[in-house]
Amino acid sequence: MRRDQDRATDTLRQEISGVRQEIGDVRQELGSVRQEVRALDAKFEKKVNAFDIKFDQKLTHLPYWYGSTLVVMIIGFVTLLFTHP
């Protein structure tokens, strides 16, 4: 009877040791996944910042485009007014 209990105890200890090893492996994988996610997040943030810079540059040129379009329209209307009988 005592031997059966000792064997069961040893078996349980081995299983617990195996589970602890698996938990350690999972923690290690989780650490590598976290590193990958951080790297992807940094890469994504760089792309978003680059897009923001490009968008801001386009917005700074936009008023000139609007202004020049308005000037062309005014010149066109003035030309039509003076050249139409």
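Let us look at the structure shown here. (Residues numbered from 1 in each chain as written. Predicted model: local features only at pLDDT ≥ 70, side-chain atom pairs only at ≥ 80, totals over all residues. Heavy atoms only, no water.)

1. A closer look at a nonpolar patch on the surface
Right, so step 1: On the surface, Phe51, Phe55, Leu59, Leu62, Trp65 and Tyr66 cluster together into a nonpolar patch covering about 660 Å² of accessible area.
Right, so step 2: Mapped onto the secondary structure, Tyr66 falls in helix H1 (residues 2-83). (Patch = residues over 30% accessible without salt bridge, like charges linked within 9 Å, V, L, I, M, F, W, Y side chains within 5 Å. Areas by Shrake-Rupley, 256 points an atom, 1.4 Å probe, with all protein chains shown as cover. Salt bridge = Lys/Arg side-chain N within 4 Å of Asp/Glu carboxyl O. Helix = DSSP H or I, 4+ residues; strand = E, 2+ residues; numbered from the N terminus.)

2. Digging into the packing of aromatic side chains
Any two aromatic rings considered together are summarised by their centre-to-centre distance and by the angle between their planes.
Right, so step 1: The final tally for this structure, using the stated rule, is 1 aromatic pair.
Right, so step 2: Geometrically, the ring pair formed by Phe51 and Phe55 is stacked, given 6.3 Å between the ring centres and 20° between the ring planes. Residue Phe51 and its partner Phe55 are located together in helix H1, separated by 4 residues, close to a single helical turn.
Right, so step 3: By relative accessible area, Phe51 is classed as exposed at 56%. (Phe/Tyr/Trp six-rings, centres within 6.5 Å; stacked < 30°, edge-to-face > 60°. Buried < 20%, exposed > 50% of the residue type's maximum accessible area, 1.4 Å probe, protein only.)

3. Focus on the pattern of salt bridges
Right, so step 1: Taken as a whole and assessed by the stated rule, the structure comprises 1 salt bridge.
Right, so step 2: We note a salt bridge from Arg7 to Asp4, for which the minimum N-O separation is 3.7 Å. Highlighted residues: Arg7 and Asp4, both in helix H1, separated by 3 residues, approximately one helical turn.
Right, so step 3: Judged by relative accessible area, Arg7 falls into the exposed class, the value being 53%.

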